[in-house]
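If you want the building blocks of each chain, they are given just below.
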Amino acid sequence: MSGAEFTLDTPLTKLIGIRHPLVQTGMGWVAGPRLVSAAANAGALGILASATMTLGQLRSAVREVKARTGNPFGVNLRADAGDARERVKVIVDEGVKVASFALAPSRDLIAELKDAGVVVIPSIGARRHAEKVAAWGADAVIVQGGEGGGHTGEVATSVLLPQVVDAVDIPVVGAGGFHDGRGLVAALAYGAAGIAMGTRFLLTSDSTVPDAVKAKYLAASVKDVTVTTAVDGLPHRMLRTDLVDSLEGGSRAGALLQAVRRAAGFKKLSGLSWSQMVRDGLAMKHGKDLTWSQVLLAANTPMLLKASMVEGRTDLGVMASGQVAGVIEDLPSCEELVTRVMAEARHVLGTLPTPG
């Protein structure tokens, strides 16, 4: 049996109807129709990132994915978005199989989606959050440990994942630190129903991230992936760059000057007014004691990501990254990646000792 034919039936594959217990996460500016459809066609669950899209762009992107694949896929939503319910309507109207959330959706929103036949899978970073959304009716959860890219927590996946598995009775998907078949088998041993990967799918030939940016990821060592609060006041795992170093090492006045300069550039790109940018930044404080430079950069975090992930301006932007960037060395297609992961999982399972 070839790796392409090897499958593992888990509660995740049965819940969604996918061939393999693998999830491509909804990364802003990265998880667009091309990557999502390629992941879905490979037998994984591709998740479309919608937070940076308008309603019209979301509907168009969903329809493009549907034109590219007949397999199930998902859409990632911000539960705190002012138009969250309108976005839910798009998902329901277009027959999207899965809704995922970076922040916990309300009980009412979960019920609304489930009543329409949509599978609800929030992403969480703590056991108590998993318990909350499970009690509200979530169908499964993605659990991201501290190794994961973007906004992240302090607890390692190896500690958090089994903790959540023991706490809830719905399928649990592990995220943070996964990139191969060994990781999949390890997650299954912890009791997970599958794994979710962001950086590994970002670093594929199907990803639309500029080649020069992918090269930065491939060149990074494990120590080049850091967690900083200097960008927006919240723990954010990303590649270490001159921008990050300057924000961490400079004075408050210097950081504010840099933030104003960058914010001026992003103001022009985004069309936001200064008052809108400050208001958005303050809304993202979440009770944190942010400096004014962090308030400005928090408002511009999506644009900081866009600068790198879309425009290739690594000098102006940030590059969210999981620690696994330090051990990834190639750019396979999604089909090649999924086939490899499953073949590795089959090999590892075959070499495990059997009870004597």
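Quick summary incoming for the structure in this document. (Residues numbered from 1 in each chain as written. Predicted model: local features only at pLDDT ≥ 70, side-chain atom pairs only at ≥ 80, totals over all residues. Heavy atoms only, no water.)

1. Observations regarding the pairing of strand β5 (residues 119–124)
Here is step 1: With five of six residues buried, β5 is to be regarded as a mostly interior element.
Here is step 2: Bridge count between strand β4 (residues 98–101) and β5: four bridges; the pairing is parallel. Bridging from a neighbouring strand, valine 98 pairs with valine 119 of β5.
Here is step 3: The parallel pair β4 and β5 is bridged by helix α5 (residues 107–115), and the resulting crossover is right-handed.
Here is step 4: Summarising the sheet, β5 and strand β6 (residues 141–144) pair through two bridges and their orientation is parallel. From the neighbouring strand, serine 123 faces β6, where its bridge partner is isoleucine 142. (Buried < 20%, exposed > 50% of the residue type's maximum accessible area, 1.4 Å probe, protein only. Helix = DSSP H or I, 4+ residues; strand = E, 2+ residues; numbered from the N terminus. Pairing = 2+ DSSP bridges. Right-handed = clockwise from strand over helix to strand, strands pointing away.)

2. Let's talk about the nonpolar core
Here is step 1: In this structure, Val164 and Tyr217 are the most contacted members of the largest nonpolar core, which totals 52 residues.
Here is step 2: Here valine 164 is in contact with Ile124, Arg127, Ala130, Val141, Val143 and Val172, once residues within four sequence places are set aside.
Here is step 3: Within the second largest apolar cluster, 23 residues are counted, among which are Ala31, Val65, Leu77 and Val120. (Core = buried A, V, L, I, M, F, W, Y, C linked by side-chain atoms within 4.5 Å. Contact = heavy atoms within 4.5 Å.)

3. Considering the packing of helix α4 (residues 84–93) against α5
Here is step 1: Two elements in contact, α4 and α5, have axes whose closest approach is 10 Å; the angle formed by their N-to-C orientations is 15°. Relative to α5, the element α4 is oriented roughly parallel. Remark: the crossing between α4 and α5 carries right-handed chirality. Residues Arg85, Val88 and Val92 of α4 pack against Asp108, Leu109, Glu112 and Leu113 of α5.
Here is step 2: Of the residues contributing to the contact of α4 with α5, the split by class is four nonpolar, no polar and three charged. (Axes fitted to C-alpha atoms, helices over the stretch in contact; angles between N-to-C directions. Parallel < 35°, antiparallel > 145°, perpendicular 65-115°, else oblique. Left-handed = near helix turned anticlockwise from the far one by under 90°. Nonpolar A, V, L, I, M, F, W, Y, C, P; charged D, E, K, R; others polar.)

Shape is all these values report; function is a separate question.
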